[in-house]
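Summary of structural features
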Amino acid sequence: MRNSTSTVGTAQATSSKVCAVPAPAALPQIPDPQHVAPADARRLSKLLLLRLESLEEGTQEYQYVRNTLIEMNLTLVRYVARRFSSRRESMEDVLQVGTIGLIKAIDRYDPSRDVEFTTLAIPYIQGEIKRFFRDTTWSVRVPRRLQELRIDLARAREELEAEGSHEPSVAELAEHLGIPEEEVAEGLVACNGYDSDSIDRPIQAGGGGKQQTGLVADLVGTEDPALALAEDIQALKPHLAKLDDRDRTLLQLRFGAEMTQSEIGEELGLSQMHVSRLLTRVCAKLREGLLA
């Protein structure tokens with residue numbers, strides 16, 4: 001009887017402890033999470049983040065809480081994205097990238113730290129957007145060190161130009177930033193890879209930009225074959241000066257007057273075969289001199 005009474009007493013105590021544990025509160029139903037007032041969004045986000053911590057990932061309830069948190073805090077993404085509105089990239093792309101940062105913040109938020117969710121979310125959103133610009137806006141991919149140096153160089157140039165009227169030199173930029181001149185030169189070269197333009201873009205003249213003066217391709221230099229010919233002529237002059245009068249006459253008639261070998265033979269009183277041998281010998285001599 002004593003053991004039975006003890007067992008009943010233990011069972012009643014255990015039952016009272018079980019009943020003392022509060023049942024999980026029902027999830028708040030938010031019909032339109034994207035239009036919740038900011039103050040309500042902060043309060044509900046705190047409740048949902050606490051609830052998300054206790055839910056098992058992959059369940060329907062977990063997905064509902066997580067999706068509601070994402071939709072309810074999209075205003076944070078739009079707030080951060082407005083800071084980058086001057087960029088040429090599509091704002092829709094920026095919002096999508098910022099939403100990825102928001103999702104990462106939701107997944108990594110720890111309610112036990114007692115920190116406001118926005119304190120974690122905004123840096124995550126900013127970081128994701130900046131990473132997007134760093135990876136996509138440069139026409140030529142350069143190291144991150146040079147990407148950041150471009151910003152420092154632009155700021156330094158503005159400050160130096162504000163002090164004086166001339167374009168700052170590499171030495172002045174290096175002294176202003178406190179870095180070696182070689183690093184400044186490397187950064188200036190890397191700046192050329194930030195953006196690109198079509199060589200078929202028309203060039204506009206005048207302040208109004210109404211008069212077209214040509215294409216960018218017209219300003220791109222090409223290899224001029226006449227330059228190589230001029231070099232060969234200058235290199236050939238001293239070798240021509242060493243030839244006798246007959247050899248120079250042969251060359252003048254053949255390549256200057258463009259006469260045939262038969263016509264040259266009649267002009268000089270030589271056979272066509274003799275003229276051919278003389279021209280071959282003279283050309284071989286000049287070729288040997290140029291190659292030497």
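Heads up: the structure comes first, above all this text.
In this text the structure is predicted, and so the values were computed from the model without any measurement.

Attention shifts here to the overall build of the protein. Scanning the protein from terminus to terminus reveals 13 helices and 2 strands. For the protein, the proportion of contacts with a sequence separation of at least 24, taken over those separated by at least 6, is 53%. Accessible area for the protein stands at about 20,200 Å²; split by element, carbon and sulfur atoms hold 53% of it.

Take a negative patch on the surface next. The grouping of E158, E159, E161 and E163 at the surface amounts to a negative patch. Judged by its relative accessible area of 35%, E161 is partly exposed.

Here we come to the nonpolar core. Side chains that are nonpolar tend, in soluble globular proteins, to be buried together. Judged by nonpolar contacts, the single largest core of 31 residues is most densely connected at L69, M72, L102, I106, F117, I125 and I129. Listing elements by their share of this core, those giving two or more residues are helix 2 (38-54), helix 3 (60-72), helix 4 (74-81), helix 5 (91-108) and helix 6 (117-136). With 6 residues, the single largest contributor to this core is helix 6. When near neighbours in sequence (up to four residues on either side) are disregarded, I125 contacts L76, V77, V80, G98, G101 and L102.

Running from N to C, helix 5 and helix 6 cross one another at 140 degrees; their axes reach a closest spacing of 8 Å. Compared by their axis directions, helix 5 and helix 6 come out oblique. Once helix 5 is placed against helix 6, the crossing between them reads as right-handed. Taking contact as the criterion, the partners of D93, V94, V97, G98, I100, G101, L102, K104, A105, I106 and R108 in helix 5 are, on helix 6, F117, L120, A121, Y124, I125, E128, I129, F132 and F133.

This paragraph deals with the side chain of R51. Summarising the element assignment, R51 is placed in helix 2. Its relative accessible area of 18% is what places R51 among the buried residues. At 2.9 Å, the side chain of R51 forms a polar contact with the side chain of E61.

This brings us to the pattern of salt bridges. A full pass over the atoms with the stated rule returns 11 salt bridges. Ionic pairing is found between R145 and E186, a salt bridge with its closest N-O pair at 3.4 Å. Linking R145 in helix 7 (residues 144-163) with E186 in helix 9 (residues 181-191), this pair joins segments that are 41 residues apart in sequence. R145 gets classed as partly exposed once you look at its relative accessible area, which sits at 43%.

Below, the discussion takes up the packing of aromatic side chains. On inspection of all chains with the given rule, the structure shows 3 aromatic pairs. Note on Y109 and F117: the rings are 5.6 Å apart at their centroids and 85 degrees apart in plane angle, and the pair reads as edge-to-face. A relative accessible area of 14% places Y109 in the buried class. An aromatic cluster is present here, built from F84, F132 and F133 joined pairwise through their rings. In this structure, R254 is placed above the aromatic ring of F255, and the distance from its NZ or CZ to the ring centre is 5.7 Å.

In a regular helix each residue adds 1.5 Å, so 17 residues correspond to 24 Å; helix 10 (residues 225-241) covers 25 Å between its end C-alpha atoms and thus fits that length. In the structure, helix 10 departs most strongly from a straight axis at A235, where the bend amounts to approximately 30 degrees and where the proline P238 lies between one and four residues downstream.

Looking now at the layout of surface pockets. Of the voids in this model, the largest pocket is the one considered here, and its volume is about 500 Å³. Lining the largest pocket are 17 residues, with R87, K130, R134, Q147 and I151 positioned closest to its centre. Of all the secondary structure elements, the ones that give two or more residues to the lining of the largest pocket are helix 6 and helix 7. By residue number, the principal contributor to the lining of the largest pocket is helix 7, which donates 7 residues. When the residues that make up the lining of the largest pocket are grouped by side-chain class, the tally is 6 nonpolar, 3 polar and 8 charged. Estimates place the volume of the second largest pocket at around 350 Å³. The wall of the second largest pocket is formed by 21 residues, among which A41, R42, S45, F117 and T118 lie closest to the centre. At the level of secondary structure, the elements contributing two or more residues to the lining of the second largest pocket comprise helix 2, helix 4 and helix 6. Looking at the lining of the second largest pocket element by element, the count peaks at 7 residues for helix 2.

Taking 1.5 Å of rise per residue, the 13 residues of helix 3 would be expected to cover 18 Å, and the 18 Å separating its terminal C-alpha atoms lies within 8% of that figure. When helix 3 is considered as a whole, its buried residues turn out to be Y62, V65, R66, T68, L69, I70 and M72. Packed against the buried residues of helix 3 are helix 2, helix 4 and helix 5.

What counts and how
- Residues numbered from 1 in each chain as written.
- Predicted model: local features only at pLDDT ≥ 70, side-chain atom pairs only at ≥ 80, totals over all residues.
- Heavy atoms only, no water.
- Helix = DSSP H or I, 4+ residues; strand = E, 2+ residues; numbered from the N terminus.
- Contact = heavy atoms within 4.5 Å.
- Areas by Shrake-Rupley, 256 points an atom, 1.4 Å probe, with all protein chains shown as cover.
- Patch = residues over 30% accessible without salt bridge, like charges linked within 9 Å, V, L, I, M, F, W, Y side chains within 5 Å.
- Salt bridge = Lys/Arg side-chain N within 4 Å of Asp/Glu carboxyl O.
- Lys, Arg positive; Asp, Glu negative; His and termini not counted.
- Charge placed at Lys NZ, Arg CZ, Asp CG, Glu CD.
- Buried < 20%, exposed > 50% of the residue type's maximum accessible area, 1.4 Å probe, protein only.
- Core = buried A, V, L, I, M, F, W, Y, C linked by side-chain atoms within 4.5 Å.
- Axes fitted to C-alpha atoms, helices over the stretch in contact; angles between N-to-C directions.
- Parallel < 35°, antiparallel > 145°, perpendicular 65-115°, else oblique.
- Left-handed = near helix turned anticlockwise from the far one by under 90°.
- Polar contact = N/O pair within 3.5 Å; in protein donor to acceptor, adjacent residues only side chain to side chain.
- Phe/Tyr/Trp six-rings, centres within 6.5 Å; stacked < 30°, edge-to-face > 60°.
- Lys NZ or Arg CZ within 6 Å of the ring centre and 35° of its normal.
- Expected span 1.5 Å × (residues − 1).
- Bend = angle between axes of the 7 residues up to and from the residue.
- 1 Å grid on protein atoms, 1.4 Å probe; cavity = no way out; pocket = protein on both sides within 12 Å on 5 of 7 lines; lining within 4 Å.
- Points joined across faces, edges and corners; volume = space filled by probe spheres on them.
- Nonpolar A, V, L, I, M, F, W, Y, C, P; charged D, E, K, R; others polar.

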